[in-house]
Structures are given as C-alpha cells and as structure tokens.
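Commentary on secondary and tertiary structure
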Amino acid sequence: MRLMKQLAMPVVAGLLATTGAFAQSINYVPDANIERRVEQTLSRMTLEEKVGQMTELAIDVLGHWEGEKFVLDKDKMDNAFMRYKIGSVLNTPGPVAQTPEWWQQTIRTINDYSLRACGIPTVYGLDQNHGATYTLRGTLFPQNTNLGASFDPDLARRAASITAYETRAANCPWTYSPTVDLSRDPRWPRVWENFGEDCLLSTVIGKAMVEGFQGPDPNHIDKYHIGTSMKHYMAYGIPRTGKDRTPAYLPEWELREKHFAPFKACVEAGATSVMVNSASINGTPMHINAKYLTQWLKEETGWDGMIVTDWADIENLWKREMVAANKKDAICLAINAGIDMAMEPFNLDFCDLLIEAVREGRVPMTRIDDAVRRILRMKYRMGLFDMPNTDIKDYPKYGGEEHRLAAQDAAVQTMILLKNKGILPLKQGQKILVTGPNANSMRCLNGGWSYTWQGKDADKFASSHNTILEAMQQRFGNANIVYEPGVTYNNDGLYWEENEPQIDRAVRAAAQVDVILACVGENSYAETPGNLDDLALSAKQRDLVKALAKTGKPIVLVLNEGRPRLISDIEPLAEAVVNILLPGNEGGNALARLLAGVDNFSAKMPYTYPRYSASLTTYDYRVSEMTGTMEGAYDYNAQVDVQWPFGFGLSYTTFDYSNLRVDKTEFSAGDVLNVSVDVKNTGSRAGKESVLLFSRDIVASIIPEARRLRAFTKIDLQPGEQRTVTFSLPANDLAFVGYDDQRHLEPGEFVLQIANQAVHINCR
Ligand code: BGC
C-alpha cells in the first residue's frame, strides 16, 4: 500500500544547516606534538616565507633538457627557493615518466634547496593516478573506473598501498589521488578516472584508497605511505555540455547528498589534502566558493587538512572564468575563499601579488596563517621534517613480481562480462582471429596518465608487458591465433583519429578461424583533449564488426574504453561482450586468463551503459524522469532504454538469491535495520559475487529516486555453497537532503531490494 508522506521532518543533525553551529566529524585526533611543532615553525616565519609555502611550481620551470635528460638549473632553483621560498613542486618534466633513481636524486636536490632556504622540506606531488604513472619500471594498476567495477574496497586499498610504496621509493611523498568525482555523464572525458556514477561506491572505494595510500594513522604517514590529495572538489563530473572543465548546474541538495559525500568521508578519515574542481557550480567557480571550500569542507567537518588549486586555476579565474579583472583580484578571491596552496604552476608573480594583497589589507594575516598551518601540518604528518628523503634501498619490491601479480589480480577482478550466449570460456585448440584497433596496444590497455599525461607512449615504456594479442598467443598458442586489426588508430594524431581501414583483410582472415575476438573502444586521452562530439563508437570500428558478423563466425566483442561508447547497432551481432574498461599493464594477461576460463568474471558495471545518444541517465534517476505510457489523448511517455544498467555483470557460474528479510518492518530514525539474504552458487564453478543492497523511498517530498545503493559486499562461493549476507543499515542512511540543507527521513513506505528479492518496510 502506498502511504502518504507527512511534512518533511528533520532527522538529526548529521549533515547540518549551512548556518549555525555544527558537530565536527573528523574521526582522528590531531597529534598534540605535531601541533606544537607547527606553531613553533609558523612563529618564526616571515610573510614572504609563508606565501612561499603557499606556492607550488611545476618542475619544468626549474630546469632544462639536456638531450633525454632533464636537469635542474641553479639560477632557477635559487630564484624559486632562496628568493621566493616556495613550498611545493609538482609533475614530471615533459611530462614523461622518470626512473626512481632520477626521482630520488632530483627530489633530494630540491629538498636541499628548500631546507637551506627556510628550514622547511618541500612537498613533491605526482599524479600516480593508477599506480606508477610517472615512475618508470613501477606497477601500473587498472584505472579507477575498473576499481569501481570490482565493488571491492580491499582490492582498491591494496592497489593504493602498493602505489604508495612505489611512489615513496621514488622519494615522492604526495599524490593527487584518489579521484572521487562521480562519473554521471558518459560524455565527460574523465569518466574513467573515477569509481563510477554512484556516491556510496565512490565513498567506500575512495576511503579505502585513502587508507591504502596513507596507512593506518593520518598523523604519522610512514616511509612506505604517502599523503593523498583527493580530487576534484566537487561536482566536476557533470558538466552541462559534457566537455571537461565547463560549468555544472545542480540543486544544492543533490550536491550535498551525492557529490559532497565521498569528499566528506575521506577528509573525515584524514586525507591530507584536497584538490579543487577546475570548473564552476551554479555560476560560481569552485576556487572562489567560500561556502563549499571553507564552510562545508573545513568548518563543518573540523578537517585540518590543506586545499590546493588545480592546474593554473587562479589564473583561470581572470583569464577563463571572468570573475576577476586581474590576477591580484583572482588571488584575493581564491585565498579568502579557503585556497591554501596555489598550483600556479609556472609563475612566481603569485607570491609578489599575494604579499602586496596582504600588505594592502585585502587578505587577512589570519587567513595566511591558517593556510600555512595546514601546509606545515601536512608536511609534519608526512614525516618530512624528520626524514625529508627516502632511500631507494628500502624498497626492494619496487616494480617486482609480487606487485605485478597484484595488478594482474586487480585486472581479473575488474573486467565485466556483459553477455555470454555460451561461447565463453573459449576452448583450447580453437582458432581465433584477434582483430580491432585495441588488440595490440599497451596504450589502449592503460589509457591516459600512463608514463605521459595523454598516455601516448605506453607501447614504448610498457613493451615488456603483454598486449591482448600477445597474451592470447601465449595462452592459446601462436598457431591458433590469427591477427588482422582491420582498423588502426593514428597514434601520431588526435586520440580519435584512425588510419584508412583494412576491413577486407580482417574479413578474409576470419575465414580461417572458429571465433573472432574483436577488440574495439578508444585510444588513450586525458582531460580536455579527450572531449568528444559523438558518443557512438567510431563508424570504422562498427563497420569492422558488421563486416565480420557477415562471415557467420561467432564474435566475442571486447570493449576497451574510458567511457561507454554507444554500440547498440553491433551488440546484437556479438555472442559475448566483455568490458575490460582500462585494465592497465596486466590487462592483456588478465583478459586471456578470463577468456580461457582459468579465472572467473566477478565485476559489475560501475555506471549505466547508455544504448542511445539521447537517452542518458543514471540508475538513481528520479522516478518521473522515466515513465511508461500515461494513457490518454496524447499517450505521454518518457522512457530511457539503457544498454546495461549500473551493477550489471555476469559470471561463469550462477547465483541464486532467496529469503531476503529484515529484522524490523516498522522502524524509526535511530534504528539499525539488519537486512539478510541467502546467496547460493548454483553453477559448477567457484565465483565471486558482489551483493548490492538498494532502497527505494516510495513517496517523498522531493521526487524519490528509482533506487539508491545503500550497502554492498563481495563474497566468494564454491559450487553449491550458500551463504547468508547480512547488512546492518542505519535507518538514517535512508534519509535525503532537502531544500533546507537538512537530512530528512520521512514517514512512509520503503522498499529494500537485493537482486530479484524485495521487502517492504515502513518508517513510523
Ligand atoms: C588535472 C589534475 C591533476 C593536475 C596536476 C590537472 O590538469 O585536472 O587532475 O592532478 O593537473 O597534474
């Protein structure tokens, strides 16, 4: 029965109104000794030194190239450190990855300058976005989109902890990860850098990664761990145009409930820093939004970490966003709003202008002190004052076999089986045509942020790893594999450019084989160069699959892409579809293991895969965004047909769900609901299954969502084995944020759902 909801009733002061007192919620206690040392250091600093600490430069402006080698220049270093006392350096020169030995020496030299200049070590930051992005010979894991598809926080924590180890081995203490933007628009070129479209999934995986990177104690990050800078705060993933770094517009209640949630959880867990969304929300660039930077992120939570801009985003305030007339105005707006460190990254005029602004009374000294305190605290927490540099000898596992196998396991667990009409696993001895532009490319397996920003040189740097083709040859035998790509990318051009296709050759090759492995998708890209005009998979690649289908040979379609490219016209032509997303250096081996049936599939879609270009949605749409036919004169309807829903993924075994039950069918706000379900492996082989608990609020004063993920866990079941999974769900988690920025749990009916099971409960 549908129950009418009463007037919206505030539940508790968990997330509070934007005015008035708030209960601070960080779940670590600052270290009194560190706080004392921060104050001592701060008390002896000049204004110039303080502003220097707030400045971050790219390494490119501190040196020059001598052939293949980048070297630091004494005069540039003297200027930056001795004169301006800058506090931080970022990025790899080029940007192209360097050896850990080079990093050891380079960061040590930078620290020598910094310590001589003002007695404060530098904090060096690198985008180790999916492992050893910028440290050569290290381990590259699957991209974050894959980690989301694992629905497994332990797997993500392990990837982060290995990345931390290898980053610290290179003497770098800080990474601009994890990325917890919600990928809610498939057009956006950074979909793959995140854990998917859902806020709970992003919160759980993001928090696990912060723990993996930083280790157990946010006050004391040891020499095997690194500080994090979560990014990009916030709502970066929903630009109205779909283009990177362009404005987002959304109601504040949705911002609070969804986009803020992962950042809140991670800063409460002690993330050392946060990087800001380069773009704007509702007309205000995030870099000048005092409410979101200072009030929400710092004051409400009590978080004592540090906020850094994204690349050149103070410049962008006056050059791109047009909210300031000149750079000094832009600096005042950003620093007063709560920015602590400016990723300049090329200019030192930031320092001169900020010093002037302080002297003119436009930026209060208290704000400068607050910013510097946060920066110093981060450096103390990373242990840099006591041990500014690491010793590479302490890191014997760097890029070794143990880490490679961890990356392979991660890749295995993050590839999604979307369709299988019984053709998989492939049988040994079958002859296989490996085709498509993604079949023989380490660049495609890795995506962007791999050795270089755009990932273009991965085939050079990762040549010792197997492409899909090479892994298939090894696993199924050279004699059984025929390779004819049919379509190839122009690797010297823009990421979407392809060469003149040779589809006929692939079709001819298909005559010799039993099955076709068509590896399609995207070439690598990152950020704005990855913008697109058409969400469909390239016409040439679709033509290839259509031509191959005419041969009558069964097709296994492998999708290797950073975001969901539309394939609704070729999907029906495939007997099986595997979405490997961007699985990293071990992606080829992992796929071959899965296709051979050595391992089982267990991943699920971390976002909704659209079927049509004008039918874009997320699983948690508001119910009236999707309606069936409303019969009448005009038969209104609004239907959105998707290719694969969020949370969808198959296995070589089958799971049967039964007996969903909850210990309370009537509940109140403070209750905990114990929700149980029996899951049985009804197939003939072992398999892992992510069990997802969704809720639906039947009637609410803000249009309710079709479903919301409330909890999930991954279990491992032997054939025939049954297990009871129990979730303890605080009833308050069913609340939503209202127009008043308060959480509301309204009386009435809710449905809890796990797989094909549902149970109705009622809030008093
Ligand atoms: C990106 C960030 C990155 C930063 C530093 C920016 O362009 O948006 O994700 O961390 O550069 O490399």
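Residues numbered from 1 in each chain as written. Predicted model: local features only at pLDDT ≥ 70, side-chain atom pairs only at ≥ 80, totals over all residues. Heavy atoms only, no water.

The next point concerns the overall build of the protein chain. The number of helices and strands found in the protein chain is 20 helices and 32 strands. Since a compact globule built from 764 residues should have a radius of gyration of about 27 Å, the 26 Å found for the protein chain is in line with a globular shape. The buried share of the protein chain, taken over its 764 residues, is 64%. Long-range contacts, defined here as pairs at least 24 residues apart, represent 78% of the contacts in the protein chain between residues at least 6 apart. Total accessible area computed for the protein chain in this model is approximately 26200 Å², and 50% of it derives from carbon and sulfur atoms. Here the protein chain contributes 80 positively and 94 negatively charged side chains, and the mean placements of these two sets differ by 2 Å. (Helix = DSSP H or I, 4+ residues; strand = E, 2+ residues; numbered from the N terminus. Rg over C-alpha atoms; globule rule 2.2 N^0.38 Å. Buried < 20%, exposed > 50% of the residue type's maximum accessible area, 1.4 Å probe, protein only. Contact = heavy atoms within 4.5 Å. Areas by Shrake-Rupley, 256 points an atom, 1.4 Å probe, with all protein chains shown as cover. Lys, Arg positive; Asp, Glu negative; His and termini not counted. Charge placed at Lys NZ, Arg CZ, Asp CG, Glu CD.)

Once that is clear, we can look at a nonpolar patch on the surface. Nonpolar side chains collect at one region of the surface, where Met 630, Tyr 634 and Tyr 636 lie side by side and expose about 400 Å² of accessible area between them. The topology assignment puts Met 630 in strand β20 (residues 627-630). (Patch = residues over 30% accessible without salt bridge, like charges linked within 9 Å, V, L, I, M, F, W, Y side chains within 5 Å. Salt bridge = Lys/Arg side-chain N within 4 Å of Asp/Glu carboxyl O.)

Okay, the sheet that holds strand β27 (residues 708-717) next. Spatial ordering of the open sheet is given by β24-β32-β31-β26-β27, a layout of five strands whose pairing is mixed. Either end of the sheet is taken by a strand with one partner, and the two such strands are β24 (666-667) and β27. Inspection of the sheet shows β24 paired to strand β32 (residues 757-763) by two bridges, in the parallel sense. For Glu 666, the partnering residue across the bridge sits in β32 and is Asn 762. (Pairing = 2+ DSSP bridges.)

A few words now on the pairing of strand β31 (residues 748-754). Counting buried positions over the seven residues of β31 gives seven, a clear majority of the element. Where β31 lies against β32, seven bridges are found, and the strand directions are antiparallel. Counted as the bridge partner of Phe 750 is Ile 761 from β32. Joining the antiparallel neighbours β31 and β32 is a turn of two residues, in which Ala 755 adopts a positive phi near 50 degrees.

Our focus in this paragraph is the site of the ligand. Looking at the ligand, there are 13 residues lining it, with Asp 127, Arg 190, His 232, Asp 310 and Glu 527 nearest. For the ligand, an oxygen atom lies 2.9 Å from a polar atom in the side chain of Arg 245. A distance of 2.6 Å separates an oxygen atom of the ligand from a polar side-chain atom of Asp 310. The protein chains hide 95% of the 310 Å² of surface that the ligand would expose on its own. Split by residue class, the shell around the ligand holds six nonpolar, one polar and six charged. (Near = heavy atom within 4 Å. Polar contact = N/O pair within 3.5 Å; in protein donor to acceptor, adjacent residues only side chain to side chain. Nonpolar A, V, L, I, M, F, W, Y, C, P; charged D, E, K, R; others polar.)

Overall, mixed pairing links the six strands, which are arranged β13-β18-β17-β16-β14-β15 in an open sheet. Of all strands in the sheet, those bounded by a partner on one side alone are β13 (416-420) and β15 (481-483). The average angle at which neighbouring strand axes cross in this sheet is 20 degrees, direction not considered. Both strand β16 (residues 515-521) and strand β17 (residues 555-560) contribute to a ladder of six bridges, which runs parallel. Considered in β17, the bridge of Val 520 is made with Leu 559. Along the sheet, helix α17 (residues 468-476) contacts β14 (432-435), β15, β16 and β17; its crossing angle with β15, the most-contacted strand, is approximately 160 degrees. (Axes fitted to C-alpha atoms, helices over the stretch in contact; angles between N-to-C directions.)

A separate point is the pairing of strand β18 (residues 576-579). Neither face of β18 is left uncovered, since the one carrying Ala 576 and Val 578 and the one carrying Val 577 and Asn 579 both have all their residues buried. Taken together, the four bridges between β13 and β18 define a ladder with antiparallel strand orientation. What sits directly across from Asn 420, in β18, is Ala 576. Sheet topology places β17 next to β18; four bridges connect them, and they run parallel.

A full pass over the atoms with the stated rule returns 27 aromatic pairs. Here Tyr 134 and Trp 449 contribute two aromatic rings whose centre-to-centre distance is 6.4 Å and whose plane-to-plane angle is 65 degrees, an arrangement assigned as edge-to-face. In this pair, Tyr 134 is assigned in the loop between β5 (123-126) and α5 (144-150) and Trp 449 in the loop between α15 (442-446) and α16 (458-461), connecting sequence segments 315 residues apart. Summarising the burial analysis for this pair, Tyr 134 and Trp 449 share the class buried. Ring centres of Trp 253 and Tyr 739 lie 6.2 Å apart, and the angle between their planes is 90 degrees; on these two criteria the pair is classed as edge-to-face. With Trp 253 in helix α8 (residues 252-268) and Tyr 739 in the loop between β29 (736-737) and β30 (743-744), this residue pair connects regions lying 486 residues apart in the sequence. Above the face of the Tyr 113 ring, Arg 116 is positioned so that its terminal group lies 4.9 Å from the ring centre. If you follow Arg 240 out to its NZ or CZ, it ends over the ring of Tyr 249, 4.0 Å from the centre. (Phe/Tyr/Trp six-rings, centres within 6.5 Å; stacked < 30°, edge-to-face > 60°. Lys NZ or Arg CZ within 6 Å of the ring centre and 35° of its normal.)

In this structure the tally under the stated criterion is 61 salt bridges. Across the pair Arg 359 and Glu 48 runs a salt bridge, and its minimum N-O distance is 2.8 Å. In this pair, Arg 359 is assigned in helix α12 (residues 349-359) and Glu 48 in helix α2 (residues 47-53), connecting sequence segments 311 residues apart. Under the relative-accessibility criterion, Arg 359 is labelled exposed at 59%. Across the pair Asp 599 and Arg 593 runs a salt bridge whose closest N-O atoms are separated by 2.5 Å. Overall, Asp 599 belongs to the buried group, its relative accessible area being 18%. Residue Arg 593 is classed as partly exposed on the basis of its relative accessible area of 23%. One continuous salt-bridge network, built from bridges that share partners, spans Arg 184, Glu 254, Glu 257, Lys 258, Asp 620, Arg 622, Glu 705 and Arg 708.

A word on the domain arrangement of the protein chain. Interfaces are often sized by the amount of accessible area the parts lose when they come together. Split into domains, the protein chain comes out as domain 1 (31-394), domain 2 (415-610) and domain 3 (653-763). Between the C-alpha centres of domain 1 and domain 3 the distance comes to 36 Å. Across the contact, 14 residues belong to domain 1 and 16 residues belong to domain 3. Interface area for domain 1 against domain 3, summed over the two sides, is near 1300 Å², with a carbon-plus-sulfur share of 59%. By the criterion of area lost to domain 3, the three top residues of domain 1 are Phe 151, Trp 253 and Glu 257, representing 49% of everything that side buries. (Domains from an automatic or database assignment. Buried area = accessible area lost by both parts, 1.4 Å probe.)

Attention shifts here to the packing of helix α18 (residues 503-510) against helix α19 (residues 539-549). Closest axis-to-axis distance for the α18/α19 pair is 9 Å, and the angle between their directions is 30 degrees. When the axis of α18 is compared with that of α19, the two are roughly parallel. Crossing geometry of α18 relative to α19 is assigned as right-handed. Listed contacts from α19 to Ile 503, Ala 506, Val 507 and Ala 510 of α18 are Lys 540, Asp 543, Leu 544, Ala 547 and Leu 548. Split by residue class, the contact of α18 with α19 holds seven nonpolar, no polar and two charged. (Parallel < 35°, antiparallel > 145°, perpendicular 65-115°, else oblique. Left-handed = near helix turned anticlockwise from the far one by under 90°.)

All right, on to the nonpolar core then. Counting residues in hydrophobic clusters, the biggest one holds 133 residues, and the most contacted among them are Phe 81, Tyr 233, Met 234 and Leu 354. Apart from residues no more than four positions distant in its own chain, Tyr 233 is found in contact with Phe 260, Phe 263, Val 274, Met 275, Val 276, Asn 277, Met 286, Tyr 292, Leu 293, Trp 296 and Leu 297. Grouped together as the second largest cluster of nonpolar side chains are 40 residues, Ile 432, Met 472, Val 515 and Phe 601 included. (Core = buried A, V, L, I, M, F, W, Y, C linked by side-chain atoms within 4.5 Å.)

The contact between helix α1 (residues 32-43) and helix α13 (residues 365-381) brings their axes to 9 Å, and the two run at 130 degrees. As judged from the angle between their axes, α1 and α13 are oblique. Two packed elements cross with a definite hand, and for α1 against α13 that hand is right-handed. Contact residues: α1 offers Ile 34, Glu 35, Arg 37, Val 38, Glu 39, Thr 41 and Leu 42, while α13 offers Asp 369, Val 372, Arg 373, Leu 376, Arg 377, Tyr 380 and Arg 381. Here the contact of α1 with α13 is composed, by residue class, of six nonpolar, one polar and seven charged.

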